[in-house]
Amino acid sequence: MLDVIVVGAGPSGSYASHLLSKSGFSVLNLEEHKEVGKPVECTGLVSQRVFSMVKSGSRVNDVTGATVYFPGGGSIHVEKTEKTIVMDRDSFDKDVSAMAISSGADLKINARVIAVKKDSKGIDVTYRENGERKNARSHIIIGADGINSRVRKELFQERPGRIVSAYQVDSAHRMEDQDSVEVYLGSEYSSGFFGWTAPSGNITRIGVASYRSAAIKHFLRLNSRFPPNKIIGINGGSIPISHVKRTYSDNAILVGDAAGIVKPLSGGGIYTGMVSASHAARASIESLESEDHSSRFLSRYEKYWKSDIGMELAIDGIVQRYLFSMRDSALRNIYDILSKPSNISLINRLGDIDYPSRIVFAMLIRNPSLVGHLLLRR
Ligand SMILES: Cc1cc2nc3c(=O)[nH]c(=O)nc-3n(C[C@H](O)[C@H](O)[C@H](O)COP(=O)(O)OP(=O)(O)OC[C@H]3O[C@@H](n4cnc5c(N)ncnc54)[C@H](O)[C@@H]3O)c2cc1C
């Protein structure tokens, strides 16, 4: 009987596997694809906090600024001293996975989990490895298997409530400004979310995420701002922007995208996924040491991650609902307020891609009229 089976070798699964193996527990990490890190469905924009968790050579560019475009042609530019990293997501995932293997995790690729059953003694997992049906048993299972999680389907029967669809390309277009990402707000470029560009040398990642309508429609409009016939790769996918109500069960834990533990304002899930993985590893270790794998015991996992990032995700979720359901006229009003020099310098000082609520609170205190615009959405 294994201590833990981790399903999925994305950043959340590999990081949980690493932390558990490093502490001496037996870990089987199952990954359905033939290669960790492929296919890439990500812009690869993360804070330095992510790189303090993993030593990785996947950094391709550092950005310090962001230009936000509003409907009607207005734009604001914000600048941070702290760098945000644009990374090569494929090699980042491989680096986290390599770390897990070095710590002793047993990774099996081309190994797709097809059934998960709980019985009185633990968890029974059926998977297909290179076409061959196999079984493994463990005390605990960690579902790190992304938005369409099989573990969640079999043991939790709940889906994240809010999901956006994203469409992104790699364009062979070199942005003149390599130090800034761009964000596009308004109905032209998204319904309920936003469009973006991220410079990474000779390639620019151009994407759109949309809540209520197909992202491709908005993407075509955004892409028409850039030179034609430059697309060298297309990717995309779904991003959960709200988490499931319960992220633990008897012998089971959900982390990262599988649980919907993602930043609701940006759709960024690498940092939050790895934070949830670290709390999952801690709760699993305590559970294995106490020989108690009950739902009651594992409920501490949810307490751990929520006391760390739960409040941030809750506040950002509320702001996301208001901000991204605004009409263009309302966004123009927001622009009028944010573009004041004093507000720009506040954003420069307090902006943080992992903890945006700080700037939201500071803005609302300094500009009480924002509350009215947010609530009335006009
Ligand atoms: C277009 C796009 C751009 C994005 N940009 C950013 C960004 O810039 N910054 C950021 O922080 N986040 C970004 N995200 C979100 C980010 O990609 C995810 O939040 C992140 O990948 C979550 O990591 P994870 O390990 O939880 O899940 P995943 O990375 O989805 O990993 C899940 C793994 O489980 C495997 N798996 C699934 N089912 C099974 C099964 N049955 N058996 C075995 N293995 C299985 C999958 O193959 C996969 O390897 C973006 C997402 C999209 C779609």
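Because the structure is a prediction, the values reported are computed rather than measured.

Caption draft 1: The arrangement of the domain arrangement of the protein in detail. As far as domains go, the protein holds domain 1 (2–38 + 90–159 + 244–317), domain 2 (45–88 + 162–240) and domain 3 (321–376). Domain 1 and domain 3 are separated by 35 Å when their C-alpha centres are compared. Taken together, the contact pairs 9 residues of domain 1 with 9 residues of domain 3. Of the roughly 860 Å² buried between domain 1 and domain 3, counting both surfaces, carbon and sulfur atoms make up 56%. Salt-bridge contacts for Lys-263 lead to Asp-354; the nearest nitrogen and oxygen are separated by 2.8 Å. Broken down by element, the residue count for the side of domain 1 that touches domain 3 peaks at 6 residues, all from helix α8 (residues 295–323). Of the residues assigned to the side of domain 1 that touches domain 3, the class counts are 4 nonpolar, 1 polar and 4 charged.

Caption draft 2: Molecular detail of unusual backbone geometry. With an omega of -5°, the peptide bond running from Lys-38 to Pro-39 counts as cis. Looking at the element boundaries, Pro-39 is found in the loop between β2 (27–30) and β3 (45–46). Unusually for a residue other than glycine, Asn-130 sits at a positive phi of about 50°. Asn-130 sits in the exposed class, given a relative accessible area of 57%. Of note in the backbone geometry, Asn-251 takes a positive phi value of approximately 60° without being a glycine. Take Asn-251: it is sitting in the loop between β15 (248–249) and β16 (252–254). What makes Asn-251 buried here is its relative accessible area of 7%.

Caption draft 3: View of the sheet that holds strand β14 (residues 231–240). If you walk across this open sheet you meet the 8 strands as β3-β5-β4-β11-β12-β13-β10-β14, and the pairing is mixed. Of all the strands in the sheet, the pair left with one neighbour each is β3 and β14. Taken together, the 9 bridges between strand β4 (residues 59–69) and strand β5 (residues 75–87) define a ladder with antiparallel strand orientation. Across the sheet, the residue bridging to Arg-59 is Met-87, located in β5.

Caption draft 4: How the structure looks around a nonpolar patch on the surface. On the surface, a nonpolar cluster with roughly 260 Å² of combined accessible area is contributed by Val-371, Leu-375 and Leu-376. With respect to the helices and strands, Val-371 occurs in helix α12 (residues 369–376).

Caption draft 5: Expanded view of helix α11 (residues 357–366). Along α11, the residues that are buried comprise Ser-357, Ile-359, Val-360, Ala-362 and Met-363. Contacts made by the buried residues of α11 are with α8, α9 (328–338), α10 (341–350) and α12.

Caption draft 6: Inspection of the pairing of strand β11 (residues 180–184) at higher detail. Burial of β11 is extensive: 5 of the 5 residues sit out of reach of the surface. Alternating positions in β11 separate into two faces, Ser-180, Glu-182 and Tyr-184 on one and Val-181 and Val-183 on the other, with burial throughout. Bridging between β4 and β11 involves 5 bridges; their strand directions are parallel. From the neighbouring strand, Gly-65 faces β11, where its bridge partner is Ser-180. Pairing of β11 with strand β12 (residues 194–200) involves 3 bridges; the strand directions are antiparallel. Bridging across to β12, Tyr-184 finds its partner in Gly-195.

Caption draft 7: Quick look at the environment of Glu-302. Looking at the element boundaries, Glu-302 is found in helix α8. In this structure, the C-alpha to C-alpha distance between Glu-302 and Ile-359, residues 57 residues apart in sequence, is 26 Å. Residues in contact with Glu-302, not counting those within four places in the same chain, are Lys-245, Arg-246, Thr-247 and Tyr-248. Side chain to side chain, Glu-302 and Thr-247 meet in a polar contact 2.6 Å long.

Caption draft 8: Spatial organisation of the pairing of β5. Examined bridge by bridge, β3 and β5 share 2 bridges and lie antiparallel to one another. Paired with Val-46 across the bridge in β5 is Ile-85. Taking the residues that link successive antiparallel strands as the turn, the β4-β5 hairpin has 5 residues, and the phi of Gly-72 there is positive, at about 95°.

Caption draft 9: Looking closely at the packing of helix α7 (residues 270–290) against α8. The interhelical angle for the contact between α7 and α8, taken along N-to-C directions, is 155°, at an axis separation of 8 Å. The orientation of α7 relative to α8 falls into the category roughly antiparallel. Considering how the two elements wind past one another, α7 and α8 form a crossing that is right-handed. Counted together, Thr-272, Val-275, Ser-276, His-279, Ala-280, Arg-282, Ala-283, Glu-286, Ser-287 and Ser-290 of α7 and Phe-297, Leu-298, Arg-300, Tyr-301, Tyr-304, Trp-305, Asp-308, Ile-309 and Leu-313 of α8 form the full contact between these two elements. Among the residues making up the contact of α7 with α8, the classes are represented as 10 nonpolar, 5 polar and 4 charged.

Scoring rules and cut-offs
Residues numbered from 1 in each chain as written. Predicted model: local features only at pLDDT ≥ 70, side-chain atom pairs only at ≥ 80, totals over all residues. Heavy atoms only, no water. Domains from an automatic or database assignment. Contact = heavy atoms within 4.5 Å. Buried area = accessible area lost by both parts, 1.4 Å probe. Salt bridge = Lys/Arg side-chain N within 4 Å of Asp/Glu carboxyl O. Helix = DSSP H or I, 4+ residues; strand = E, 2+ residues; numbered from the N terminus. Nonpolar A, V, L, I, M, F, W, Y, C, P; charged D, E, K, R; others polar. Buried < 20%, exposed > 50% of the residue type's maximum accessible area, 1.4 Å probe, protein only. Pairing = 2+ DSSP bridges. Patch = residues over 30% accessible without salt bridge, like charges linked within 9 Å, V, L, I, M, F, W, Y side chains within 5 Å. Areas by Shrake-Rupley, 256 points an atom, 1.4 Å probe, with all protein chains shown as cover. Polar contact = N/O pair within 3.5 Å; in protein donor to acceptor, adjacent residues only side chain to side chain. Axes fitted to C-alpha atoms, helices over the stretch in contact; angles between N-to-C directions. Parallel < 35°, antiparallel > 145°, perpendicular 65-115°, else oblique. Left-handed = near helix turned anticlockwise from the far one by under 90°.

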